[in-house]
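# A look at the structure
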Amino acid sequence: MKKIEYLQTGQTARLLDHKTIEEYKIPSLILMEHAAIESIREIKNHICMNQKKICIACGPGNNGGDGLAIARNLIKENIYPSLLIPKIEKMSKDEKIQWDSLSCFDLEIVTDINDLKHFDICIDCLFGNGLSRDITGYYQNVIETINQSGSYVISIDIPSGIHATTGKSMNCHIVSDLTIALDCYKEGLFINDGLTASKKCISVDIGIPHDLHSNFMINETLVKQYLPPRPSHSHKGTYKKALMIGGSQSMHGALYYSAKACYRSGIGTLTCMIPECIYPIFASKISFAMNKVMPCENGYFKEGIVPDLQPYSLISIGNGMSLNKSTIQMVQHVLHSDKTVILDADALWACKDHKEWLNRKETTILLPHIKEMTYLCDASISQILSNPFEIVKDFCRNHPNCILVLKSSLSIIGYKDKIYLLNQPNSALAKGGSGDILCGIVTGLCGQTNDYEKAVVCATYIHNQSVPNLDAACCLPDECIDTIPEIFKKLRT
Ligand SMILES: NC(=O)C1=CN([C@@H]2O[C@H](COP(=O)(O)OP(=O)(O)OC[C@H]3O[C@@H](n4cnc5c(N)ncnc54)[C@H](O)[C@@H]3O)[C@@H](O)[C@H]2O)[C@@H](O)CC1
Ligand SMILES: Nc1ncnc2c1ncn2[C@@H]1O[C@H](COP(=O)(O)OP(=O)(O)O)[C@@H](O)[C@H]1O
Ligand SMILES: [K+]
């Protein structure tokens, strides 16, 4: 079974290493030994090492120390790697200990960088989390030679040259076939140059106490723990009454998708508030939800309407509403209520000049894609793309009762000082309508628990897993929605 996986910046990962060593009194050499043993286990899961020419390229820090510990553990299995090593006097304290522990073995030392071209497998232990400046000269030469060698490249902790926090290449970087992140994934693996620096990324446990972590990768194991139960003896009133506000003449499909996905995800009762011009078509497509029909003007909600929100405990707003004054008025009215609110699509735009509306006592859940995120912060699309984790953290620090899902092929969820990352690209969702489905699943799950953080994590995962058995290019939103029951079933087993 897959395990719980963690996420940190370069700095916070170092802090956790430090805490483990200083407070938990676990020596760094023990962590290094775990790192070596677990890395070898994973390497074997990916490539056969027998009869292969293997080189371990070690840098001057503890990443290099990991490499030497891997070498010693491989010898136990009768595998004798060659080593590229720094000058002994440049080695860190722990790396020197690892080097001394190899003194009784006669491993080949690579002295000519050109010889790096002749290995089947290269284990990259040049730099990890301690990379502090641009790589030039000798190490640049090493990195470029490894990249051109055609070997199967395995990077330990992070591809050398990628900054663990920013994901930016420090002048040059290794491109790896497999990256084995030690203890936790570093944010830099998923952004900027980091995103394409590894073909595959996994993490291994190296003995850092799990309770030190509070930022998670969203995977099946986590979601199984977070999914709200569905007691057999429940009835519709056990769950919440949700109201979905949205729709307009030209976009009636958006609310239809949200409503259908919401019902598929377990809501107790659902009312859809729509402008009257779309009532006939909407009612002909949806029979399970109640409809609250409001006056309309030019195909949109009429300005100045003040709907009664009292019967509902959960309100989503925004899908298919359009950018106009009545949307702003409705969003203002909803955010001034004492209800849990889910803001999506055009409702996010409506908050552009009114961020103070988000300073509410009740929970507000926001589901922006990258463009919509520009309405919520003072950053451009390119600034958000190159720094998404910091943008999400900054927003959540300033809006402590908001749960933010920054959506793209990677989705980042922020709540207070916590971060979750979903990194499972699914291009079936790269279509209009997908966001509306997410809004529906979020509403459905929030209708079954008051732990909205967990509900949003589950919803984001369930949405991401909706892959009909069709080519990704060909899926319709309805077909994605129709996979939701199977995903729930799998999560409950
Ligand atoms: N005790 C710990 O903290 C553990 C650390 N581990 C490993 O240790 C790594 C971090 O170790 P370190 O902090 O020693 O850092 P690194 O091994 O990443 O490298 C730091 C060393 O590289 C030098 N350096 C940095 N940038 C350079 C550049 N551009 N050109 C040339 N030299 C450069 C620094 O002066 C320093 O000597 C982790 O990524 C992980 O692989 C693991 O062994 C697990 C336990
Ligand atoms: N390639 C992809 N991989 C994973 N998820 C994706 C991908 N493309 C889109 N998505 C997801 O689909 C949804 C699209 O939302 P959005 O852009 O708001 O769509 P719309 O407004 O058209 O309904 C988001 O949840 C996003 O994370
Ligand atoms: K490395």
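Just so it is clear, the model here is predicted, and its values are computed rather than measured.

The rules behind these values
- Residues numbered from 1 in each chain as written.
- Chains lettered and ligands numbered in written order.
- Predicted model: local features only at pLDDT ≥ 70, side-chain atom pairs only at ≥ 80, totals over all residues.
- Heavy atoms only, no water.
- Pairing = 2+ DSSP bridges.
- Helix = DSSP H or I, 4+ residues; strand = E, 2+ residues; numbered from the N terminus.
- Right-handed = clockwise from strand over helix to strand, strands pointing away.
- Axes fitted to C-alpha atoms, helices over the stretch in contact; angles between N-to-C directions.
- Parallel < 35°, antiparallel > 145°, perpendicular 65-115°, else oblique.
- Left-handed = near helix turned anticlockwise from the far one by under 90°.
- Contact = heavy atoms within 4.5 Å.
- Nonpolar A, V, L, I, M, F, W, Y, C, P; charged D, E, K, R; others polar.
- Phe/Tyr/Trp six-rings, centres within 6.5 Å; stacked < 30°, edge-to-face > 60°.
- Buried < 20%, exposed > 50% of the residue type's maximum accessible area, 1.4 Å probe, protein only.
- Lys NZ or Arg CZ within 6 Å of the ring centre and 35° of its normal.
- Near = heavy atom within 4 Å.
- Polar contact = N/O pair within 3.5 Å; in protein donor to acceptor, adjacent residues only side chain to side chain.
- Areas by Shrake-Rupley, 256 points an atom, 1.4 Å probe, with all protein chains shown as cover.
- UniProt positions renumbered as here; feature names shortened; annotations may be inferred.
- Expected span 1.5 Å × (residues − 1).

### Section: the pairing of strand 12 (residues 290-294)
Across 5 bridges, the pairing between strand 11 (residues 269-275) and strand 12 is parallel. In the strand pairing of strand 12, proline 275 is matched with methionine 294. At this point the chain moves from strand 11, through helix 9 (residues 279-285), to the parallel strand 12, and the crossover so formed is right-handed.

### Quick notes on the packing of helix 3 (residues 62-75) against helix 4 (residues 93-100)
Running from N to C, helix 3 and helix 4 point in directions that differ by 20 degrees, and their axes come no closer than 8 Å. Taken together, the axes of helix 3 and helix 4 lie roughly parallel to each other. In this structure, the crossing between helix 3 and helix 4 has a hand that is left-handed. Two secondary-structure elements touch here, helix 3 through Asn62, Gly64, Gly65, Leu68, Ala69 and Arg72 and helix 4 through Asp94, Glu95, Gln98 and Trp99. The class makeup of the residues in the contact of helix 3 with helix 4 is 3 nonpolar, 4 polar and 3 charged.

### Topic: the packing of aromatic side chains
Counting across every chain of the model gives 8 aromatic pairs. On the basis of an interplanar angle of 50 degrees and a centroid distance of 5.3 Å, the ring pair of tyrosine 256 and tyrosine 257 is categorised as tilted. For tyrosine 257, a relative accessible area of 19% gives the class buried. Site record: aromatic cluster; members linked through ring pairs are Tyr6, Phe216, Tyr226 and Tyr420. Of note, lysine 285 hangs over the ring of tyrosine 256, and the distance from its end group to the ring centre comes to 4.2 Å.

### With respect to the site of ligand 2
Near ligand 2 you find 19 residues, and of these Lys407, Ser408, Asn426, Gly433 and Gly435 are the closest. One nitrogen or oxygen atom from the main chain of asparagine 426 is found 2.7 Å from a nitrogen atom belonging to ligand 2. Serine 434 is positioned such that a nitrogen or oxygen atom in its backbone is 3.3 Å from an oxygen atom of ligand 2. Here ligand 2 has 570 Å² of accessible area as a free molecule, and 80% of this is covered by the chains. Those elements that place two or more of their residues in the shell around ligand 2 are helix 15 (434-446) and helix 16 (452-464). Among the elements that take part in the shell around ligand 2, helix 15 stands out by supplying 4 residues, more than any other. Classifying every residue of the shell around ligand 2 by side-chain character gives 4 nonpolar, 12 polar and 3 charged.

### Some details on the side chain of lysine 393
Along the chain, the position of lysine 393 falls in helix 14 (residues 388-398). Those residues within four positions of lysine 393 in sequence are excluded, and the remaining contacts are Thr9, Glu187 and Ile419.

### Some details on the UniProt feature "binding site: AMP" (unreviewed entry) in the protein
Taken from the UniProt record, the annotation "binding site: AMP" (unreviewed entry) applies to Lys407, Ser408, Ser409, Leu410, Ser411 and Gly435. These annotated residues cover 29 residues of sequence, but their C-alpha atoms sit close together, with the largest distance between any two at 13.5 Å. Positionally, serine 408 belongs in the loop between strand 18 (402-406) and strand 19 (411-415). Within the structure, the side chain of serine 408 is placed 2.6 Å from the backbone oxygen of leucine 410, a separation counted as a polar contact. Structurally, the position occupied by glycine 435 is in helix 15.

### What about helix 3?
With 14 residues, helix 3 should reach 20 Å at 1.5 Å per residue; the first-to-last C-alpha distance of 20 Å fits that figure. In terms of burial, helix 3 is largely enclosed, as 13 of its 14 residues are buried.

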